[in-house]
Amino acid sequence: MNFLDNLFENPGITEALPEEFLATLQMIGISGFFTLLIGLPLGVFLHTSSPGGLRPMPVTNRVVSDVVVNITRSIPFAILMVSLIPLARFLTGSSIGPVAASVSLSIGAIPFFARLVETSLRDVTPGKIDAALVMGSTRLQVITKVMIAEALPSLIAAFTTTLVTLVGYSAMAGIIGGGGLGRLAYNYGLQRFDTTVMVVIIVIIVAIVQIIQFIGDRLAQRADHRTAATAGARRSRQARRAEAANVVGV
């Protein structure tokens, strides 16, 4: 009963938690949108411009891959966020809050997602790309209707992984001034030694991750034409067995 009493009487939960929870969702939503908007084309470019790609550009690919993507990915997020405070202030007019933190979250997640996109596209069978080119498809049609379409389940899984990563990044962003559940955990759970708040925040973060992963797995399964074909074949076999059983019963 002491835990329940503390749970419903704790101002960190009854007053601060709803606002910080929405701030966390705001950070994940904004940064996830821009990560998908920029990271997907960037990953496509990394794949198509690589040696042996659809449109090889070795020098440009090397510059973007090594300088932009690899260097950004190698910087720890806490250091990256502090170093991007002037940029966040320039773009959003503020250096604190969930909107300002979304700038650093996006810049930190875009290279990560772009690498996952590049890996997913690399797994597309080259024969399908060659067949599309032989039939007169343009490069844009090959990218949109062959490469992305074939790699869609893997791309959804990659974006799901990126969103889960953003959940963890958002908690770190909260400590540095981004707000959200991370700030609440630091202000109440750590500085005030409030175990109840810390436990509730951990449960909520785990729940967010589980929901994102569940939705992502479901969408990836629906997008996988191999899974759909297997399910269709299984249903056909079951229907034939049922029909045969009815004939035998008659």
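Residues numbered from 1 in each chain as written. Predicted model: local features only at pLDDT ≥ 70, side-chain atom pairs only at ≥ 80, totals over all residues. Heavy atoms only, no water.

Rules: UniProt positions are given in the numbering used here, feature names are shortened, and annotations may be inferred rather than shown by experiment.
As named in an unreviewed UniProt entry, the protein is ABC transporter permease, taken from Arthrobacter parietis. Quoted straight from UniProt, the Subcellular location (unreviewed entry) entry for the protein says "Cell membrane". UniProt lists a comment for the protein under the heading Sequence similarities (unreviewed entry), and it reads "Belongs to the binding-protein-dependent transport system permease family."

### Focus: the environment of S50
What counts, and what does not: Secondary structure is summarised from DSSP: a helix means a run of H or I of at least four residues, a strand means a run of E of at least two, and numbering begins at the N terminus for each. By definition, residues are in contact when any of their heavy atoms lie within 4.5 Å. We define a polar contact as two N or O atoms separated by no more than 3.5 Å, with the added condition that, inside protein, one atom must be a possible hydrogen donor and the other a possible acceptor, whereas residues neighbouring each other in sequence contribute only through side-chain atom pairs.
Along the chain, the position of S50 falls in the loop between α2 (11–48) and α3 (58–74). Along the sequence, S50 and E118 sit 68 residues apart, while their C-alpha atoms lie 9.9 Å from each other. Not counting the four nearest positions on each side in its chain, S50 is found in contact with P56 and N61. Among the polar contacts made by the side chain of S50, one reaches the main-chain carbonyl oxygen of H47 at a distance of 2.7 Å.

### Quick word on the nonpolar core
Just so we agree on the cut-off: We call a set of buried Ala, Val, Leu, Ile, Met, Phe, Trp, Tyr and Cys residues a nonpolar core when their side-chain atoms join them within 4.5 Å. Residue burial is assigned from relative accessible area. The probe radius is 1.4 Å, only protein chains are included, and a residue is buried under 20% of its type maximum, exposed over 50%, and partly exposed in between.
In this structure, I129, V142, M147, L184 and I208 are the most contacted members of the largest nonpolar core, which totals 39 residues. For this core, the secondary structure elements donating two or more residues are α2, α4 (77–83), α6 (98–122), α7 (126–134), α8 (139–178), α9 (181–190) and α10 (195–223). Looking at this core, the element that brings in the most residues is α8, giving 12 residues. Residue contacts for I129: discarding those within four places in its chain leaves L54, V124, V142, V146 and M147. Judged by nonpolar contacts, the second largest core, of six residues, contains L42, V64, V69 and A114.

### As for the UniProt feature "transmembrane region" (unreviewed entry) in the protein
Listed under "transmembrane region" (unreviewed entry) in the UniProt record, and renumbered for this structure, are residues 27–46, 67–90, 96–114, 155–176 and 196–216. With 100% helix and 0% strand, the stretch residues 27–46 has end C-alpha atoms that lie 27 Å from each other. Helix makes up 100% of residues 155–176 and strand 0%. Its end C-alpha atoms lie 31 Å apart.

### Looking at the pattern of salt bridges
Opposite charge on two side chains lets them pair, provided their charged atoms get close. Selection rule: Note on definitions: salt bridges are taken to be side-chain nitrogens of Lys or Arg within 4 Å of carboxyl oxygens of Asp or Glu.
All told, the structure shown has five salt bridges when counted by the stated rule. Ionic pairing is found between R122 and E118, a salt bridge with its closest N-O pair at 3.1 Å. Note that R122 and E118 are positioned in helix α6 at a spacing of four residues, about one turn of the helix. Under the relative-accessibility criterion, E118 is labelled buried at 9%. Of the charged contacts, one joins K128 and E150 as a salt bridge, the two residues approaching to 2.9 Å between their closest N and O atoms. Residue K128 is found in helix α7, and its partner E150 is found in helix α8; the two are separated by 22 residues along the sequence. Judged by relative accessible area, E150 falls into the partly exposed class, the value being 30%. One continuous salt-bridge network, built from bridges that share partners, spans R115, E118 and R122.

### Some points on the layout of surface pockets
Rules: Residues are called lining when one of their atoms sits within 4 Å of a cavity or pocket point, these points coming from a 1 Å grid over the protein atoms alone, where a cavity is a set in which a 1.4 Å probe fits but cannot get out and a pocket is an open set with protein on both sides within 12 Å along at least five of seven lines. Grid points are joined across faces, edges and corners, and a volume is the space filled by probe spheres set on the points. Amino acids are sorted into nonpolar (Ala, Val, Leu, Ile, Met, Phe, Trp, Tyr, Cys and Pro), charged (Asp, Glu, Lys and Arg) and polar (every other residue, Gly among them).
Put simply, the largest pocket is a space of about 240 Å³. Ranked by the residues each element gives to the lining of the largest pocket, the list is headed by α8, at seven residues. Broken down by class, the residue content of the lining of the largest pocket amounts to 12 nonpolar, two polar and no charged.

### Re the packing of aromatic side chains
How two aromatic rings sit relative to each other is set out by the distance from centre to centre and by the angle between their planes. Put simply, the rule is: Under the pairing criterion, centres of Phe, Tyr and Trp rings, with the six-membered ring standing for Trp, must be within 6.5 Å; the plane angle then separates stacked pairs below 30 degrees from edge-to-face pairs above 60, leaving the rest tilted.
Using the criterion set out here, one finds three aromatic pairs in the structure. Relative to F34, the ring of F33 has its centre 5.2 Å away and its plane inclined at 80°; by these criteria the two rings are edge-to-face. The class of F34 is partly exposed, set by a relative accessible area of 37%. Between the aromatic rings of F77 and Y169, the centroid separation amounts to 4.5 Å while the plane-to-plane angle is 0°, which identifies the pairing as stacked. Taken together, the positions of F77 in helix α4 and Y169 in helix α8 put the pair 92 residues apart, joining distant regions of the chain.

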